[in-house]
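Inside the fold
Residues per chain are reported as follows:
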Amino acid sequence: MSLKFRLASRNLFHDRLRFVATIVGIIFSIVLVTVQMGLYVGFRRMVTTMIDHSPAALWIMPVGTKCFEDPSLLDDRQRFRALAVNGVAEVAPLVIGYAQWRLPGGTTTPVFVVGSDLQQLGLPPWNVVAGRMDDLSVPGAVAIDGTYFQRLGVSGTGESAEIRDQKVQVVAVTKGIRSFTTTPYVFTDVDRARAYTGISPNKASYLLVRISPDADVNTVRRELRASLSDVEVLTASEFADRSRSFWLFGTGAGAALFAGALLGFIVGTVIVAQTLYSSTKDHLNEFATLRAIGSTGRYIYTVIIWQALTSAVIGFCGAGAIGAVVVRMTAESALPIVMPPALTCALFLLTVVMCVASAIAAIVQVMRIDPAMVFTR
Amino acid sequence: MTEPVLDAVDIVKFLGHGASQVQALKGVSLSLRGGELVLLMGPSGSGKTTLLSILGCLMTPASGIVRIRGQSVAGMDPEALAKLRRDHIGFIFQSYHLFPTLTAEDNVRLALDVRGERSRRAAKAARDVLATVGLAHKAKSFPSELSGGEQQRVAIARAIVGDAKAILADEPTGALDGKNGQAIMTLLAQIAKDQSRGVLVVTHDPRVIPFADRIVHIEDGKIVSEEAAVPSQRVSMS
């Protein structure tokens, strides 16, 4: 192995205090970027969780609907016109809306009601860990997530509360269906959802469309658009994109997360650049000696970049350990930090880019070295 | 008479800019032949170090010709000059300029490493040269564990390990006591016995005169005298 790597490592570890400061700087920076980007990915997933769990190929919605939680309504009679379109196998209404959940003690808390046809095409709860899905067809039956027990004043199946002065009974409990708005989801039948949210029986929030196996989704969509008025017809992925776009960029939440990540990146770059620069300055005599004995510029840059890369790897390992703890700690929270493998790889690349970019100032300094200074120092 | 390993003809060099500019060298010519040890002596500010920098291709002259083993360095870019240095020139500095985080062996091996020689043979060559300068037993020591004289021996080993034909030494005994200074000059004189190698030593130290084959005096940027050593005053190296 070339001595340049040994020289780089020893230069790096020689001043332990400076080395620790560099690593802490990188860890701080990467943890900050990790949290922001992990929140971004978690947020991206959560805002489309309902759309992602629906089996519908196409969503019919009022014109201008911005996201899944949009309260606009459409005429349920459009369903019959949609059913007449070639290639449409099934159309089912989906009703959503906010309601007040009255706890047994009399206090109320807002809930988000999701009502669909539980027997056919709909949006039934998933990850059911207690109770039975079939029981949801019983009048007044609802499903809620276990993480909201305390908030909703219940402790499991069989417990009762009220929504809009109507008695509801918890018959199924799910795990991990959480809303980024922190408002608990309540799953129920479509008709009862209308009753709980005050939506008239001839109205629906969405019409979910399942198409025939041999039909082309784009052709069906085109025909639905031609046959229906005052509605939009989007594929599930288009609707998910629109929801993400609204929540992440329409509200500024995504921009804030990106700004935080950018800030972390800049702070990290400055810290590493400062330490590499001062390390290079301290070893200027050595670099001038290397130049005097005939080393190429590339040899010297490699020494500096190797220092940067070593710092990047060590810093990333530290940040990764902290990041894993943070991911674990937030896994059950309303907005978990998500760290998929692709994001982990991207963060490692970002760390490397940050450290190599930080080496530029040091390299520029070395490029200006006059090798003749070896005779005067 | 051997061919010059290094020669400079009519070198002019200005240092500084504007009103503070001074002419450090005023048409200096000097050659170094294989098998000779030349002393370049002169008072502070006379241009010794500037001339050494130009001869070592660390600095380019305003005018004049520098040739390394007959090849003119005029118009070469910094990378080409660096290649000339690593292939043909060995440097020895007053303050050694060893790498504190590397062992003596690695310090010597560095001169081969920058040439891309990284085999086991390179490591063996470094150990052999350290043995030549009497430091085989200190190969794994760091510079901070060596005396000044030992550090300068390591620096000499680094200068010769790549088989450089021109060894340029700047005040090599300047930081050493009399005994160590003598030992270092003895070593340099031994190196200069090789007919393919020339050693140029810049010095103030009159105690090194007995080791010289030739003494060149420089003052105010000009060579003022050049004299061959008096045989009776020379240290016998045989």
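Residues numbered from 1 in each chain as written. Chains lettered and ligands numbered in written order. Predicted model: local features only at pLDDT ≥ 70, side-chain atom pairs only at ≥ 80, totals over all residues.

**Structural notes on the nonpolar core**
Let me state the cut-off plainly: When buried Ala, Val, Leu, Ile, Met, Phe, Trp, Tyr and Cys residues are joined through C-beta atoms within 7 Å, the set is termed a nonpolar core. Any residue surrounded by 20 or more other C-beta atoms within 10 Å of its C-beta is treated as buried, while 12 or fewer makes it exposed and the intermediate range makes it partly exposed; C-beta atoms here are placed from the backbone. Elements are defined by DSSP. Helices are runs of H or I of four residues or more, strands are runs of E of two residues or more, and each kind is numbered from the N terminus. Think of it this way: build a C-beta for each residue from its backbone, and any pair within 7 Å is a contact.
The biggest cluster of nonpolar side chains holds 127 residues, and the ones touching the most others in it are B:Leu40, B:Leu51, B:Ile167, B:Leu188 and B:Val201. Ranked by residue count, the leading element in this core is helix 2 (residues 16-47) of chain A, at twelve residues. Discounting residues that sit within four places of it in the chain, B:Leu188 has contacts with B:Leu37, B:Ala169, B:Pro172, B:Val199, B:Val201 and B:Phe211.

**Quick notes on the pairing of strand 8 (residues 198-203) of chain B**
Residues and elements named next belong to chain B. The test is simple: By the convention used here, strands pair only if DSSP detects at least 2 bridges between them.
Counting buried positions along strand 8 yields six of six residues, so the element is predominantly enclosed. Burial along strand 8 is two-sided: the face carrying Gly 198, Leu 200 and Val 202 and the face carrying Val 199, Val 201 and Thr 203 are both buried. Where strand 3 (residues 37-41) lies against strand 8, five bridges are found, and the strand directions are parallel. Looking at the pairing, Leu 37 lines up with Val 199 of strand 8. Relative to strand 8, strand 7 (residues 166-170) runs parallel, the two being bridged by five bridges. Each residue of the ladder has a partner; that of Ile 167, found in strand 8, is Val 199.

**Details of the confidence of the model for chain B**
Note the following rule: Within a predicted model, pLDDT stands for the predictor's per-residue confidence, ranging from 0 to 100.
Counting all residues, the mean pLDDT for chain B is 91, and 96% of those residues have values of 70 or more. Of the two predicted TM-score estimates for the complex, the pTM is 0.75 and the ipTM is 0.90.

**Notes on helix 8 (residues 236-250) of chain A**
Residues and elements named next belong to chain A. Inclusion rule: Any helix carries an expected span of 1.5 Å times its number of residues minus one. By definition, the arc is the one covered by directions from the helix axis to the C-beta atoms.
If you check helix 8, its first and last C-alpha atoms are 20 Å apart, about what 15 residues at 1.5 Å a residue would give, namely 21 Å. Here helix 8 has its buried residues at Phe 239, Ala 240, Arg 242, Ser 243 and Trp 247. Seen along its axis, helix 8 keeps its buried residues to an arc of 165°; they face one direction. With respect to the buried face of helix 8, the exposed residues turned more than 90 degrees away are Ser 237 and Phe 249. Check the buried side of helix 8 and you find it contacts helix 2, helix 3 (49-52), strand 1 (58-62), strand 12 (231-235) and helix 9 (253-282).

**Observations regarding the domain arrangement of chain A**
Residue and element names in this part refer to chain A. Condition: Where each domain starts and ends follows an automatic or database-derived domain assignment. Each residue is assigned to one of three groups, with Ala, Val, Leu, Ile, Met, Phe, Trp, Tyr, Cys and Pro labelled nonpolar, Asp, Glu, Lys and Arg labelled charged, and all others, Gly among them, labelled polar.
On domain assignment, one finds that chain A holds domain 1 (3-46 + 252-375) and domain 2 (64-229). Computed over C-alpha atoms, the centres of domain 1 and domain 2 are 48 Å apart. With five residues of domain 1 at the interface, the matching set in domain 2 holds four residues. Here the residues of the side of domain 1 that touches domain 2 are counted per class, giving four nonpolar, no polar and one charged.

**Some points on the interface of chain A and chain B**
The interface of chain A with chain B comprises 24 residues on the first partner and 25 residues on the second. Of the residues in the side of chain A that touches chain B, the class split is ten nonpolar, nine polar and five charged.

**Topic: the packing of helix 3 (residues 104-113) of chain B against helix 4 (residues 120-132) of chain B**
In helix packing, the relevant descriptors are the interaxial angle and the interaxial distance, both defined with respect to the helix axes. Residue and element names in this part refer to chain B. Condition: To get an axis, fit a line to the C-alpha atoms, keeping to the stretch in contact for a helix; angles then go from 0 to 180 degrees between the N-to-C directions. Our angle categories are set so that under 35 degrees counts as roughly parallel, over 145 as roughly antiparallel, 65 to 115 as roughly perpendicular, and the remainder as oblique. In this scheme, a crossing is called left-handed if the near helix is turned counterclockwise away from the far one by less than a right angle; it is called right-handed if the turn is clockwise.
In the contact formed by helix 3 and helix 4, the axes pass within 9 Å of each other and the chain directions differ by 120°. The pairing of helix 3 with helix 4 is recorded here as oblique in orientation. Handedness of the helix 3/helix 4 crossing: right-handed. Touching Ala 104, Glu 105, Val 108, Arg 109 and Leu 112 of helix 3 are Ala 122, Ala 123, Ala 125, Ala 126, Arg 127, Val 129 and Leu 130, all from helix 4. Across the contact of helix 3 with helix 4, the residue classes break down as nine nonpolar, no polar and three charged.

**So, the sheet that holds strand 2 (residues 22-33) of chain B**
All names here are of chain B. In spatial order, the strands read 2-1-4-5; together these four strands make up an open sheet with antiparallel pairing. Single-partner strands in this sheet number two, and they are strand 2 and strand 5 (71-72). Across nine bridges, strand 1 (residues 4-15) lies against strand 2 in antiparallel orientation. Across the sheet, Leu 15 pairs through a bridge with Val 22, a residue of strand 2. Sheet strands touched by helix 1 (residues 48-55): strand 1, strand 2 and strand 4 (63-68). Its angle to strand 1, the strand with the most contacts, is close to 125°.

**Points about the sheet that holds strand 10 (residues 222-228) of chain B**
Two pairing modes exist for strands in a sheet, parallel and antiparallel, and in both the strands are linked by backbone hydrogen bonds. Residues and elements named next belong to chain B. One open sheet holds the six strands; their spatial order is 6-7-8-3-9-10, and the pairing between them is mixed. Single-partner strands in this sheet number two, and they are strand 6 (89-92) and strand 10. Ignoring strand direction, the axes of neighbouring strands in this sheet form an average angle of 20°. Note that strand 3 and strand 9 (residues 214-219) share four bridges and pair parallel. Looking at strand 9, one finds that Met 41 is bridged to His 217. Running over the sheet, helix 6 (residues 178-192) touches strand 3, strand 7 and strand 8 and is turned about 150° from strand 8.

**Topic: the packing of helix 5 (residues 148-160) of chain B against helix 6 of chain B**
Residues and elements named next belong to chain B. It is at 9 Å that the axes of helix 5 and helix 6 come closest, and there the two elements cross at 15°. When the interaxial angle is binned, helix 5 and helix 6 end up roughly parallel. Where helix 5 crosses over helix 6, the two elements pack in a sense that is right-handed. On helix 6, the residues touching Gly 148, Gly 149, Gln 152, Arg 153, Ile 156 and Ile 160 of helix 5 are Asn 180, Ala 183, Ile 184, Leu 187 and Ile 191. For the contact of helix 5 with helix 6, a count of residues per class yields six nonpolar, four polar and one charged.

**Description of unusual backbone geometry**
Even without glycine at this site, A:Arg164 takes up a positive phi of about 50°. Topologically, A:Arg164 is positioned in the loop between strand 7 (160-163) and strand 8 (166-174). Unusually for a residue other than glycine, B:Glu171 sits at a positive phi of about 45°. With respect to the helices and strands, B:Glu171 occurs in the loop between strand 7 and helix 6. Residue B:Glu171 is classed as buried on the basis of its 21 C-beta neighbours within 10 Å.

**A look at the confidence of the model for chain A**
Any residue range with low pLDDT should be treated as having predicted coordinates unsuitable for detailed reading. Averaged over every residue, the pLDDT of chain A is 88; the share at 70 or more is 100%. Mean pLDDT across the elements of chain A bottoms out in helix 9 of chain A (81) and peaks in strand 1 of chain A (94).

**Brief notes about helix 5 of chain B**
Residue and element names in this part refer to chain B. In this model helix 5 runs 19 Å from its N-terminal to its C-terminal C-alpha over 13 residues, within 8% of the 18 Å that 1.5 Å per residue would give. Among the 13 residues of helix 5, twelve are classified as buried, and the element is accordingly described as predominantly covered. When we look at burial in helix 5, the residues that qualify are Gly 149, Glu 150, Gln 151, Gln 152, Arg 153, Val 154, Ala 155, Ile 156, Ala 157, Arg 158, Ala 159 and Ile 160.

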